[in-house]
Amino acid sequence: MAKDLVNTLADLKEQEVIKIVKDRLSADEDPLKIMEDARKGMEIVGKRFADSEYFIPDLVYSGEILKTVTELVKPKLATTTESKKLGKIVFGTVAGDIHDIGKDIVVFMLDVNGFEVHDLGVDVPVQKFVDKIKETGAPIVGLSGFLALAFDSMKETVDAMKAAGLRDKVKVMIGGGQMSDEIKNYTGADAYGKDAMAGVALAKKWIGAS
Amino acid sequence: MEKQWEEMTSDEKQETLFQRWISAEGVKFASPEAERLYKERTTRFKNALQLKTLPDRIPVFLIPSLAPAYYAGLTPHDVMYNYEKITPTWKKFYMDFQPDAHGGAFVPSPGKFLEIVDFKLYKWPGHGVSKETTYQCIEGEYMKADEYDFFIHNVLYFFNNVWPSRVFGALEPLGMLPHLAGVTEMYGVSLPFIPYGTPPVQAALKALMEAGNEAVKWIGAAGAFGMEIIAEGFPAYQVGVTKAPFDVIGDTLRGTKGIMMDMYRQPDKLIAAMEVLMPTFIKLGVDSAKQYGCPLIFMPLHKGADGFLSDEQFKKFYWPTFRDIILGLVDEGVVPFIWAEGGYNSRLEVIQDLPKGKTAWLFDQTDMARAKKTIGKVACIAGNMPMDMLTVGSTQKAIDYTKRLIDVCGKDGGYILANGAFFDEVKWDNLRAIVDTVKKFGVYK
């Protein structure tokens, strides 16, 4: 049982995970198989978070464990293979707002659920969203914001998508601190997601994956 | 003969603080009407908070962030850099909206002071964020993961020297100053003072003196507000601040990610560090309450909200030391005015384990009907006016929501109507409508 990387990672047993990975690496196991197990473990973490079995600290901690695993395995990886992604999403905290905790959690959950997320960071200027949507052709945009000033930044970002002729090509979701359906209507976004799981559900619905 | 403070029970201490607050000794009121309003308002709050006597109506309180600046057509930058604008601007806000209390005018911190000390913990208007927007915190690991032992054994040295050397750029050299515990003999008495003779430390000391001068200038201007507004009949609410130990460590020492890692990697040290903080953070609240003669102390809560921690994590890490701080304040007659930011739905059952009539809980996005049935049995509840009602909702919607809050929370007293989150620029008509609606429909017959 102790050798089961998938479940040991899912159970957040950091020291045991490190030991298993080291053992498997020194036994010359295919590093890609190790990473695949780690990915499966993270999938379980995501599911437990969705089921309210895990909370933010557990999610953050799993991310740290994964980082350690990746660092151990990386030198042995000859090539990286991209697993097939569900779809592209452009994501960011809107202009004027520098909060990232909530955004990072949603990005993380979208990622473990198989989306290719282009995270633009915080305080993202309107034009940067527009440029990234054009560049990636992403059909989904996520706007995050914690402060009330984000209401207007979100509205301006959605308006800029309209002006750039992109609005009917993308679905826009908003989320964060003081957001609500009332604010969704104000900004002209398509949906408001109350938490990270709502964001994942929306994204899956929009690309027809659920 | 009157009882000495030390001889009083916590009930007597609380009553004494309330009476000091209500009597407003030494205050010269602008008019007999202002004095009458002041007494009415403080009594109204007292009754809502103590859960003993039904107040005449639901008290209404607006807790702005930089809203008064926006209301006056100024930017946050204007009030942070022109201190003389603070008092008239804040006064106009309260005189126009007429809530039952004021929350001070200390939100606009002095911009020049922040520049002198090179404060790294926040971005502020004109310094990292635009002049038109509010200040924002920059989280970081201002205490490192391997510093718990040092912190636990040297907590005040850490706060006086180590921490400032990391969050104030100009005070970085303070981190190299030795403490003076070793000075016990004539031999070597001057040795720990050698760093004070070096240029970097002297530059830091000079910055401290300049910063002190700027802080004095600022308090002279912003502090006038407190005197002027009480004369108009508005009592000061929540005159001091203290915090839950989990937030002290999670907000500005280890950061959100740091503290969450510590919960796994070094839980015992995290708990020991929180316990070390307790006496300091109890004293912080008690001293402010006694000094200003107002029993209410502000406690903003952050990282114990719904979703941030599981029930078990909340009960293990957040609640025990937080509860002990509450009880430490209550023992000294202080009424912690606890602001549960975010949602607190999953915590309502846990937090009701408190003595009755000793605390107040302001909720942001919590189900108020459930709050009333749980924590509302032992504490005054407050808040919940949502941000979207203030900023983008119609005035009618704000009125309807206010009426709903009056119905759901107001029954049998024990409720203060207030906003759920600090606000900046909002629809002023909605704000006015909320206050008017409480005054009209929140009356107890």
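Residues numbered from 1 in each chain as written. Chains lettered and ligands numbered in written order. Predicted model: local features only at pLDDT ≥ 70, side-chain atom pairs only at ≥ 80, totals over all residues.

Student: Where do I start with the overall build of chain B in this structure?
Tutor: When helices and strands are tallied, chain B shows 18 helices and 10 strands. Whereas a compact globule of 445 residues would reach a radius of gyration of roughly 22 Å, chain B reaches 23 Å, a difference of no more than 12%. If one aligns the C-alpha atoms of chain B with their principal axes, the spans along those axes are about 75 × 55 × 45 Å. Residues classed as buried in chain B amount to 47% of the 445 residues present. (Helix = DSSP H or I, 4+ residues; strand = E, 2+ residues; numbered from the N terminus. Rg over C-alpha atoms; globule rule 2.2 N^0.38 Å. Buried ≥ 20, exposed ≤ 12 C-beta atoms within 10 Å, placed from the backbone.)

Student: Would you mind showing me how to read the overall build of chain A here?
Tutor: Scanning chain A for helices and strands turns up nine helices and five strands. When the helices and strands of chain A are placed in sequence order, the string is α-α-α-α-β-α-β-α-β-α-β-α-β-α. Whereas a compact globule of 210 residues would reach a radius of gyration of roughly 17 Å, chain A reaches 19 Å, a difference of no more than 12%. In terms of its C-alpha atoms, chain A occupies a principal-axis envelope of roughly 55 × 35 × 30 Å. The contacts in chain A between residues at least 6 apart in sequence include a share of 74% that link residues at least 24 apart. (Contact = placed C-beta atoms within 7 Å.)

Student: How should the interface of chain A and chain B be read in this particular structure?
Tutor: When the parts come together, some accessible area is lost, and that loss is often what is quoted as the size of the interface. Contact with chain A, which involves 19 residues of that partner, is made by 26 residues of chain B. Among the secondary structure elements, those contributing two or more residues to the side of chain A that touches chain B are helix H4 (56–73), helix H7 (149–163) and helix H8 (181–187) of chain A. In terms of residues, the side of chain A that touches chain B owes the most to one element, H4 of chain A, which gives five residues. Among the residues making up the side of chain A that touches chain B, the classes are represented as 13 nonpolar, three polar and three charged. (Nonpolar A, V, L, I, M, F, W, Y, C, P; charged D, E, K, R; others polar.)

Student: Would you mind going over helix H18 (residues 428–441) of chain B with me for this structure?
Tutor: All names here are of chain B. If you check H18, its first and last C-alpha atoms are 20 Å apart, about what 14 residues at 1.5 Å a residue would give, namely 20 Å. Taken together, the buried positions of H18 are Asn 430, Leu 431, Ile 434, Thr 437 and Val 438. For H18, the arc enclosing every buried residue in end-on projection is 130°, short of the 170-degree limit, so these residues lie on one face. Close packing links the buried residues of H18 with strand S1 (60–61), helix H5 (86–97), helix H16 (387–391), helix H17 (395–410) and strand S10 (415–418). (Expected span 1.5 Å × (residues − 1). Arc of directions from axis to C-beta.)

Student: Would you take a moment to explain unusual backbone geometry for this structure?
Tutor: Most peptide bonds take the trans configuration, and most residues that are not glycine carry a negative phi. All names here are of chain B. Positive phi, normally seen in glycine, also occurs at Leu 51, with a value near 60°. Positionally, Leu 51 belongs in the loop between helix H2 (32–50) and S1. With a phi close to 55°, Asp 118 is a non-glycine residue in the positive phi region. Its place among the elements puts Asp 118 in the loop between helix H6 (111–117) and strand S2 (122–125). Under the C-beta neighbour-count criterion, Asp 118 is labelled partly exposed, with 15 such atoms within 10 Å.

Student: How should I be thinking about the environment of Ala 236 of chain B in this particular structure?
Tutor: Residue and element names in this part refer to chain B. On the secondary structure map, Ala 236 appears in the loop between helix H9 (199–231) and strand S5 (240–241). We classify Ala 236 as buried; it has 20 C-beta atoms within 10 Å. Along the primary structure Ala 236 and Gly 103 are separated by 133 residues, whereas in three dimensions their C-alpha atoms are 6.0 Å apart. Among all residues touching Ala 236, those that are not within four sequence positions of it are His 102, Gly 104, Gly 226, Ile 230, Tyr 292 and Cys 294.

Student: Can you help me understand the sheet that holds strand S9 (residues 380–383) of chain B in this one?
Tutor: Sheet strands pair via backbone hydrogen bonds, and the direction of the pair is either parallel or antiparallel. Residue and element names in this part refer to chain B. If you trace the seven strands from one edge of the open sheet to the other, you get S1-S10-S9-S8-S7-S6-S5, paired in parallel fashion. Two strands in the sheet have a free side with no partner beyond their single neighbour: S1 and S5. Two elements, strand S6 (residues 296–301) and strand S7 (residues 335–340), share six bridges in a ladder whose sense is parallel. Bridging from a neighbouring strand, Leu 301 pairs with Ala 340 of S7. (Pairing = 2+ DSSP bridges.)

Student: Whenever I open this one, the nonpolar core confuses me. Can you help?
Tutor: Most often, soluble globular proteins have nonpolar side chains that are buried together. Core analysis: the largest hydrophobic core is formed by 193 residues, its most contacted members being Phe 337, Ala 360, Trp 361, Leu 362 and Ile 381 of chain B. It is helix H13 (residues 311–331) of chain B that contributes the most residues to this core, nine residues altogether. Both of domain 1 (5–76) and domain 2 (88–206) of chain A provide at least three residues apiece to this core. (Core = buried A, V, L, I, M, F, W, Y, C linked by C-beta atoms within 7 Å. Domains from an automatic or database assignment.)

Student: Would you explain the sheet that holds strand S2 (residues 116–119) of chain A in this entry?
Tutor: Residues and elements named next belong to chain A. With respect to topology, five strands assemble into an open sheet ordered S2-S1-S3-S4-S5, the strand pairing being parallel. At either margin of the open sheet sits one strand with a lone partner, and together these are S2 and strand S5 (191–192). Across two bridges, strand S4 (residues 171–175) lies against S5 in parallel orientation. Within S5, the position partnered with Ile 174 by the bridge is Tyr 192.

Student: Looking at this structure, I do not really get the domain arrangement of chain A. What am I missing?
Tutor: Residues and elements named next belong to chain A. Domain parsing of chain A yields domain 1 (5–76) and domain 2 (88–206). Domain 1 and domain 2 are separated by 28 Å when their C-alpha centres are compared. Listed by partner, the interface residues are eight residues for domain 1 and six residues for domain 2. At the level of secondary structure, the elements contributing two or more residues to the side of domain 1 that touches domain 2 comprise helix H3 (31–50) and H4. A total of five residues in the side of domain 1 that touches domain 2 trace back to one element, the largest contributor, which is H3. Each residue belonging to the side of domain 1 that touches domain 2 can be placed in one class, and the counts come to five nonpolar, two polar and one charged.

Student: Sorry, what's going on with the packing of helix H12 (residues 267–292) of chain B against H13 of chain B here?
Tutor: In a packed pair of helices, the relevant descriptors are the angle between the two axes and the axis-to-axis distance. All names here are of chain B. Two elements in contact, H12 and H13, have axes separated by 9 Å at closest approach and are oriented at 25°. Relative to H13, the element H12 is oriented roughly parallel. Regarding H12 and H13, the two cross each other, and that crossing is right-handed. Listed contacts from H13 to Leu 270, Ile 271, Met 274, Glu 275, Met 278, Phe 281, Ile 282, Gly 285 and Val 286 of H12 are Phe 317, Thr 321, Asp 324, Ile 325, Gly 328 and Leu 329. (Axes fitted to C-alpha atoms, helices over the stretch in contact; angles between N-to-C directions. Parallel < 35°, antiparallel > 145°, perpendicular 65-115°, else oblique. Left-handed = near helix turned anticlockwise from the far one by under 90°.)

Student: How do you make sense of the pairing of strand S1 (residues 88–93) of chain A when you look at a structure like this?
Tutor: A regular strand places its side chains on the two faces of the sheet in alternate fashion. Residue and element names in this part refer to chain A. Burial within S1 is extensive, with five of its six residues counted as buried. With four bridges joining them, S1 and S2 adopt parallel strand pairing. The residue bridging Lys 88 from the neighbouring strand is Glu 116, located in S2. Note on the crossover from S1 through helix H5 (residues 101–112) to S2: the handedness is right-handed. Pairing between S1 and strand S3 (residues 140–144): five bridges, direction parallel. For Gly 92, the partnering residue across the bridge sits in S3 and is Leu 143. (Right-handed = clockwise from strand over helix to strand, strands pointing away.)

Student: How do you make sense of helix H11 (residues 255–265) of chain B when you look at a structure like this?
Tutor: Residues spaced three or four apart along an α-helix point in a common direction, a consequence of the helix completing one turn every 3.6 residues. Those residues of H11 of chain B that sit buried are Lys 257, Gly 258, Ile 259, Met 260, Met 261, Asp 262 and Met 263 of chain B. Looking at the packing, one finds that the buried side of H11 of chain B touches H4 of chain A together with helix H10 (245–252), H12 and H13 of chain B.

Student: Sorry if this is basic, but what is going on with the packing of H3 of chain A against H4 of chain A here?
Tutor: All names here are of chain A. Running from amino to carboxyl end, H3 crosses H4 at an angle of 175°, the nearest separation of the two axes being 11 Å. Here H3 lies roughly antiparallel to H4, going by the angle between them. Contacts between H3 and H4 involve Pro 31, Ile 34, Met 35, Ala 38, Met 42, Val 45 and Phe 49 from the former and Leu 59, Ser 62, Leu 66, Val 69 and Val 73 from the latter. For the contact of H3 with H4, the class distribution of residues is 11 nonpolar, one polar and no charged.

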